[in-house]
Amino acid sequence: MTKGYLDYQSASPVDPRVVEAMIPHMTEHFGNPSILFRSDGDSARQALEDARGQVARFVGADPSEIVFTSGATEANNMALKGVALKLQSKGKHIISSVVEHRSVVTPLKYLERLGFEVTSLPVDEIEHVRQVIQYYCVRWMIEVFFRVLKSGCRVEERRFEHIDRLLSCLAVYLIVAWRTLYVCRVGRGCPDISCEAVFEPAEWKSVWNVIHRTTPPSVPPRLGEMVRLVAQLGGYVNRKHCDPPGPQTIWLGLQRMHDFALSWQLFGPDARAGPKLV
Ligand SMILES: Cc1ncc(COP(=O)(O)O)c(C=O)c1O
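Residues numbered from 1 in each chain as written. Predicted model: local features only at pLDDT ≥ 70, side-chain atom pairs only at ≥ 80, totals over all residues. Heavy atoms only, no water.

The next thing to look at is the site of the ligand. Near the ligand the following residues occur: S10, G71, A72, T73, H101 and S103. A72 places a main-chain nitrogen or oxygen 2.8 Å from an oxygen atom of the ligand. Within the contact set of the ligand, an oxygen atom lies 2.5 Å away from a side-chain nitrogen or oxygen of T73. Taken by itself the ligand offers 400 Å² of open surface, and the protein chains cover 59% of this. Across the shell around the ligand, the residue classes break down as 1 nonpolar, 5 polar and no charged. (Near = heavy atom within 4 Å. Polar contact = N/O pair within 3.5 Å; in protein donor to acceptor, adjacent residues only side chain to side chain. Areas by Shrake-Rupley, 256 points an atom, 1.4 Å probe, with all protein chains shown as cover. Nonpolar A, V, L, I, M, F, W, Y, C, P; charged D, E, K, R; others polar.)

Rendered as C-alpha coordinates:
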(Lines give C-alpha, C1' and ligand atoms only; values in the text may rest on other atoms or scores of the structure.)
Protein backbone atom coordinates (compact mmCIF):
# COMPACT_ATOMS: atom_id res chain seq x y z
CA MET A 1 0.00 0.00 0.00
CA THR A 2 1.33 3.45 -0.87
CA LYS A 3 1.44 5.76 2.13
CA GLY A 4 0.81 9.50 1.83
CA TYR A 5 2.05 12.12 4.30
CA LEU A 6 -0.20 15.16 4.10
CA ASP A 7 1.17 17.46 6.82
CA TYR A 8 4.15 19.04 5.06
CA GLN A 9 3.39 22.18 7.08
CA SER A 10 4.74 20.42 10.19
CA ALA A 11 7.55 18.30 8.68
CA SER A 12 8.81 17.73 5.17
CA PRO A 13 11.85 16.13 3.53
CA VAL A 14 14.63 18.55 2.69
CA ASP A 15 15.05 19.30 -1.00
CA PRO A 16 18.22 17.52 -2.28
CA ARG A 17 19.48 20.86 -3.65
CA VAL A 18 19.31 22.33 -0.13
CA VAL A 19 21.15 19.30 1.28
CA GLU A 20 23.85 19.72 -1.37
CA ALA A 21 24.22 23.43 -0.62
CA MET A 22 24.39 22.84 3.13
CA ILE A 23 26.88 19.93 3.27
CA PRO A 24 30.04 22.10 2.87
CA HIS A 25 28.85 24.40 5.67
CA MET A 26 28.09 21.50 7.99
CA THR A 27 31.34 19.67 7.34
CA GLU A 28 34.26 21.77 6.06
CA HIS A 29 33.32 25.47 6.23
CA PHE A 30 31.48 25.44 9.52
CA GLY A 31 31.84 28.54 11.67
CA ASN A 32 29.93 31.08 13.73
CA PRO A 33 28.47 33.66 11.32
CA SER A 34 28.13 36.25 14.11
CA ILE A 35 31.73 36.10 15.29
CA LEU A 36 33.48 39.49 15.52
CA PHE A 37 37.01 38.65 14.34
CA ARG A 38 38.06 37.10 11.03
CA SER A 39 37.65 33.37 11.01
CA ASP A 40 35.97 30.47 9.25
CA GLY A 41 32.77 32.19 10.32
CA ASP A 42 33.28 34.59 7.39
CA SER A 43 32.16 32.02 4.85
CA ALA A 44 29.18 31.07 7.06
CA ARG A 45 28.28 34.75 7.34
CA GLN A 46 28.51 35.20 3.55
CA ALA A 47 26.35 32.12 2.97
CA LEU A 48 23.80 33.39 5.49
CA GLU A 49 23.63 36.84 3.88
CA ASP A 50 23.30 35.27 0.40
CA ALA A 51 20.42 33.13 1.67
CA ARG A 52 18.81 36.16 3.33
CA GLY A 53 18.98 38.08 0.05
CA GLN A 54 17.46 35.17 -1.89
CA VAL A 55 14.57 34.76 0.56
CA ALA A 56 13.97 38.53 0.56
CA ARG A 57 13.80 38.65 -3.24
CA PHE A 58 11.49 35.66 -3.29
CA VAL A 59 8.91 37.20 -0.91
CA GLY A 60 9.43 40.79 -2.10
CA ALA A 61 10.92 42.06 1.19
CA ASP A 62 14.04 43.90 2.20
CA PRO A 63 16.89 41.62 3.44
CA SER A 64 16.84 43.48 6.79
CA GLU A 65 13.28 42.20 7.28
CA ILE A 66 14.28 38.53 7.08
CA VAL A 67 15.00 36.95 10.47
CA PHE A 68 16.08 33.31 10.55
CA THR A 69 14.92 31.31 13.55
CA SER A 70 15.51 27.76 14.74
CA GLY A 71 11.92 26.76 13.97
CA ALA A 72 8.27 27.72 14.02
CA THR A 73 7.94 27.78 17.83
CA GLU A 74 10.65 30.40 18.18
CA ALA A 75 9.31 32.38 15.21
CA ASN A 76 5.72 32.36 16.51
CA ASN A 77 6.82 33.43 19.99
CA MET A 78 8.97 36.22 18.65
CA ALA A 79 6.33 37.52 16.23
CA LEU A 80 3.34 37.36 18.59
CA LYS A 81 5.02 38.73 21.70
CA GLY A 82 7.09 41.27 19.75
CA VAL A 83 4.15 42.73 17.79
CA ALA A 84 1.69 42.62 20.72
CA LEU A 85 4.05 44.38 23.12
CA LYS A 86 5.22 46.95 20.57
CA LEU A 87 1.68 47.90 19.52
CA GLN A 88 -0.09 47.58 22.87
CA SER A 89 -0.75 51.32 23.03
CA LYS A 90 -2.91 50.92 19.86
CA GLY A 91 -4.99 47.97 21.11
CA LYS A 92 -4.82 44.88 23.27
CA HIS A 93 -7.33 42.57 21.62
CA ILE A 94 -5.90 39.56 19.74
CA ILE A 95 -8.09 37.41 17.51
CA SER A 96 -7.04 33.82 16.95
CA SER A 97 -8.79 30.54 16.15
CA VAL A 98 -9.31 27.37 18.20
CA VAL A 99 -7.26 25.27 15.79
CA GLU A 100 -3.97 27.07 16.34
CA HIS A 101 -0.84 25.06 17.13
CA ARG A 102 0.57 25.00 20.67
CA SER A 103 3.40 27.26 19.55
CA VAL A 104 0.75 29.96 18.99
CA VAL A 105 -1.56 29.14 21.91
CA THR A 106 1.21 29.25 24.54
CA PRO A 107 2.51 32.77 23.76
CA LEU A 108 -1.12 33.96 23.55
CA LYS A 109 -1.74 32.58 27.05
CA TYR A 110 1.35 34.46 28.21
CA LEU A 111 0.01 37.68 26.66
CA GLU A 112 -3.37 37.06 28.31
CA ARG A 113 -1.61 36.98 31.67
CA LEU A 114 -0.08 40.36 30.80
CA GLY A 115 -3.58 41.84 30.32
CA PHE A 116 -4.27 41.23 26.59
CA GLU A 117 -7.74 40.04 25.61
CA VAL A 118 -7.59 36.93 23.39
CA THR A 119 -10.58 35.71 21.35
CA SER A 120 -10.35 32.23 19.83
CA LEU A 121 -12.84 31.97 17.00
CA PRO A 122 -14.61 28.61 16.60
CA VAL A 123 -14.34 26.68 13.33
CA ASP A 124 -17.05 24.05 13.93
CA GLU A 125 -19.26 25.02 11.00
CA ILE A 126 -18.54 25.98 7.43
CA GLU A 127 -19.74 29.54 8.14
CA HIS A 128 -17.18 29.85 10.97
CA VAL A 129 -14.43 28.63 8.64
CA ARG A 130 -15.49 31.11 5.96
CA GLN A 131 -15.39 33.96 8.46
CA VAL A 132 -11.91 33.07 9.73
CA ILE A 133 -10.60 32.80 6.15
CA GLN A 134 -12.16 36.17 5.38
CA TYR A 135 -10.28 37.73 8.30
CA TYR A 136 -7.03 36.27 6.99
CA CYS A 137 -7.79 37.55 3.48
CA VAL A 138 -8.33 41.09 4.78
CA ARG A 139 -5.13 40.78 6.81
CA TRP A 140 -3.35 39.65 3.63
CA MET A 141 -4.51 42.74 1.75
CA ILE A 142 -3.03 44.92 4.51
CA GLU A 143 0.25 42.99 4.13
CA VAL A 144 0.28 43.60 0.38
CA PHE A 145 -0.54 47.28 0.86
CA PHE A 146 2.43 47.78 3.17
CA ARG A 147 4.65 45.76 0.89
CA VAL A 148 3.86 48.16 -1.97
CA LEU A 149 4.49 51.09 0.36
CA LYS A 150 7.76 49.74 1.76
CA SER A 151 9.36 47.73 -1.05
CA GLY A 152 7.75 49.51 -4.01
CA CYS A 153 7.69 53.14 -2.84
CA ARG A 154 10.72 52.63 -0.52
CA VAL A 155 9.28 55.08 2.00
CA GLU A 156 11.75 53.98 4.67
CA GLU A 157 14.67 55.20 2.54
CA ARG A 158 13.36 58.77 2.20
CA ARG A 159 15.38 61.28 4.17
CA PHE A 160 14.10 64.80 4.93
CA GLU A 161 15.20 67.63 7.15
CA HIS A 162 11.80 68.04 8.80
CA ILE A 163 9.10 65.62 9.84
CA ASP A 164 6.48 67.78 8.01
CA ARG A 165 8.13 67.00 4.70
CA LEU A 166 8.27 63.32 5.51
CA LEU A 167 4.57 63.36 6.36
CA SER A 168 3.68 65.08 3.06
CA CYS A 169 5.79 62.53 1.17
CA LEU A 170 4.13 59.70 3.07
CA ALA A 171 0.68 61.09 2.22
CA VAL A 172 1.53 61.01 -1.50
CA TYR A 173 2.99 57.50 -1.34
CA LEU A 174 0.00 56.20 0.60
CA ILE A 175 -2.13 57.31 -2.35
CA VAL A 176 0.32 55.73 -4.82
CA ALA A 177 0.26 52.43 -2.88
CA TRP A 178 -3.53 52.54 -2.61
CA ARG A 179 -3.92 53.22 -6.36
CA THR A 180 -1.56 50.38 -7.28
CA LEU A 181 -3.52 47.94 -5.15
CA TYR A 182 -6.82 49.37 -6.35
CA VAL A 183 -5.88 48.83 -10.03
CA CYS A 184 -4.78 45.30 -9.17
CA ARG A 185 -7.93 44.38 -7.23
CA VAL A 186 -10.50 46.06 -9.51
CA GLY A 187 -8.78 44.54 -12.53
CA ARG A 188 -9.32 41.09 -11.01
CA GLY A 189 -12.76 41.71 -9.51
CA CYS A 190 -14.41 43.59 -12.42
CA PRO A 191 -12.39 42.63 -15.54
CA ASP A 192 -15.33 43.21 -17.90
CA ILE A 193 -16.14 46.84 -17.18
CA SER A 194 -14.76 49.58 -19.42
CA CYS A 195 -11.19 50.51 -18.51
CA GLU A 196 -12.27 54.18 -18.47
CA ALA A 197 -13.71 53.47 -15.01
CA VAL A 198 -10.10 53.59 -13.82
CA PHE A 199 -7.90 55.00 -16.61
CA GLU A 200 -7.93 58.33 -18.47
CA PRO A 201 -8.22 58.16 -22.29
CA ALA A 202 -4.61 59.36 -22.68
CA GLU A 203 -3.50 56.54 -20.37
CA TRP A 204 -5.16 53.60 -22.07
CA LYS A 205 -4.61 54.94 -25.60
CA SER A 206 -0.88 55.53 -25.09
CA VAL A 207 -0.40 52.12 -23.45
CA TRP A 208 -2.34 50.41 -26.24
CA ASN A 209 -0.23 52.17 -28.82
CA VAL A 210 3.07 51.24 -27.13
CA ILE A 211 2.19 47.58 -26.59
CA HIS A 212 0.26 46.81 -29.79
CA ARG A 213 1.97 49.35 -32.07
CA THR A 214 -1.44 50.04 -33.65
CA THR A 215 -3.93 52.88 -33.44
CA PRO A 216 -6.09 52.53 -30.31
CA PRO A 217 -9.66 51.25 -30.92
CA SER A 218 -12.62 53.64 -30.81
CA VAL A 219 -14.13 51.71 -27.87
CA PRO A 220 -11.97 51.50 -24.72
CA PRO A 221 -10.75 47.96 -23.91
CA ARG A 222 -12.08 46.01 -20.93
CA LEU A 223 -10.46 46.78 -17.60
CA GLY A 224 -8.96 43.27 -17.20
CA GLU A 225 -7.27 43.58 -20.58
CA MET A 226 -5.96 47.07 -19.86
CA VAL A 227 -4.50 46.04 -16.48
CA ARG A 228 -2.60 43.25 -18.24
CA LEU A 229 -1.26 45.76 -20.79
CA VAL A 230 -0.08 48.08 -18.00
CA ALA A 231 1.54 45.16 -16.16
CA GLN A 232 3.33 44.17 -19.39
CA LEU A 233 5.10 47.53 -19.18
CA GLY A 234 6.32 46.36 -15.76
CA GLY A 235 7.60 42.96 -16.95
CA TYR A 236 4.44 40.83 -16.75
CA VAL A 237 4.38 38.05 -19.35
CA ASN A 238 0.87 38.11 -20.81
CA ARG A 239 0.23 34.46 -21.63
CA LYS A 240 -3.28 33.12 -22.10
CA HIS A 241 -3.55 31.00 -18.95
CA CYS A 242 -1.30 33.09 -16.69
CA ASP A 243 -2.57 34.37 -13.34
CA PRO A 244 -3.68 38.00 -13.47
CA PRO A 245 -0.82 40.42 -12.72
CA GLY A 246 0.19 41.25 -9.15
CA PRO A 247 0.99 44.61 -7.53
CA GLN A 248 4.69 44.59 -8.41
CA THR A 249 4.40 44.52 -12.21
CA ILE A 250 1.39 46.85 -12.03
CA TRP A 251 3.32 49.33 -9.90
CA LEU A 252 6.27 49.33 -12.34
CA GLY A 253 3.89 49.51 -15.31
CA LEU A 254 1.92 52.45 -13.88
CA GLN A 255 5.10 54.48 -13.56
CA ARG A 256 5.96 53.96 -17.23
CA MET A 257 2.30 54.54 -18.21
CA HIS A 258 2.35 58.01 -16.65
CA ASP A 259 5.24 59.06 -18.90
CA PHE A 260 3.56 57.60 -21.99
CA ALA A 261 0.26 59.30 -21.12
CA LEU A 262 1.97 62.67 -20.73
CA SER A 263 3.71 62.24 -24.08
CA TRP A 264 0.38 61.23 -25.64
CA GLN A 265 -1.27 64.39 -24.31
CA LEU A 266 1.58 66.56 -25.60
CA PHE A 267 2.37 64.92 -28.92
CA GLY A 268 -0.37 62.36 -29.67
CA PRO A 269 -3.26 62.68 -32.14
CA ASP A 270 -5.48 64.28 -29.46
CA ALA A 271 -2.96 67.05 -28.66
CA ARG A 272 -4.60 70.42 -29.43
CA ALA A 273 -1.52 72.37 -30.51
CA GLY A 274 1.77 71.03 -31.75
CA PRO A 275 4.55 70.35 -29.24
CA LYS A 276 6.03 73.44 -27.69
CA LEU A 277 9.76 73.66 -28.29
CA VAL A 278 11.22 75.51 -25.32
C1 LIG B 1 1.37 24.31 12.33
C2 LIG B 1 2.62 24.15 13.15
N3 LIG B 1 3.13 25.24 13.74
C4 LIG B 1 4.28 25.16 14.49
C5 LIG B 1 4.93 23.95 14.68
C6 LIG B 1 6.20 23.92 15.55
O7 LIG B 1 7.30 23.84 14.74
P8 LIG B 1 8.81 23.76 15.29
O9 LIG B 1 9.03 22.34 15.69
O10 LIG B 1 9.65 24.16 14.11
O11 LIG B 1 8.99 24.71 16.43
C12 LIG B 1 4.44 22.79 14.08
C13 LIG B 1 5.12 21.49 14.28
O14 LIG B 1 4.52 20.46 14.24
C15 LIG B 1 3.25 22.88 13.31
O16 LIG B 1 2.71 21.82 12.70
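Tracing the sequence through the fold places S89 in the loop between α3 (72-86) and β1 (93-97). Judged by its relative accessible area of 69%, S89 falls in the exposed class. Considered as a pair, S89 and V132 are 43 residues apart in the sequence and their alpha carbons are 25 Å apart. (Helix = DSSP H or I, 4+ residues; strand = E, 2+ residues; numbered from the N terminus. Buried < 20%, exposed > 50% of the residue type's maximum accessible area, 1.4 Å probe, protein only.)

This paragraph deals with the pairing of β1. As defined by bridge partners, β1 adjoins strand β2 (residues 117-121) across 5 bridges and the pair is classed as parallel. The partner of I94 across the bridge, within β2, is V118. A crossover links β1 with its parallel partner β2, the connecting element being helix α4 (residues 102-113), and its sense is right-handed. (Pairing = 2+ DSSP bridges. Right-handed = clockwise from strand over helix to strand, strands pointing away.)

For the structure shown, the criterion picks out 10 salt bridges. Measuring nitrogen to oxygen at the nearest pair gives 3.4 Å for the salt bridge that ties R154 to E157. By relative accessible area, R154 is classed as partly exposed at 40%. (Salt bridge = Lys/Arg side-chain N within 4 Å of Asp/Glu carboxyl O.)

Interpretation in functional terms is not warranted from these geometric data alone.
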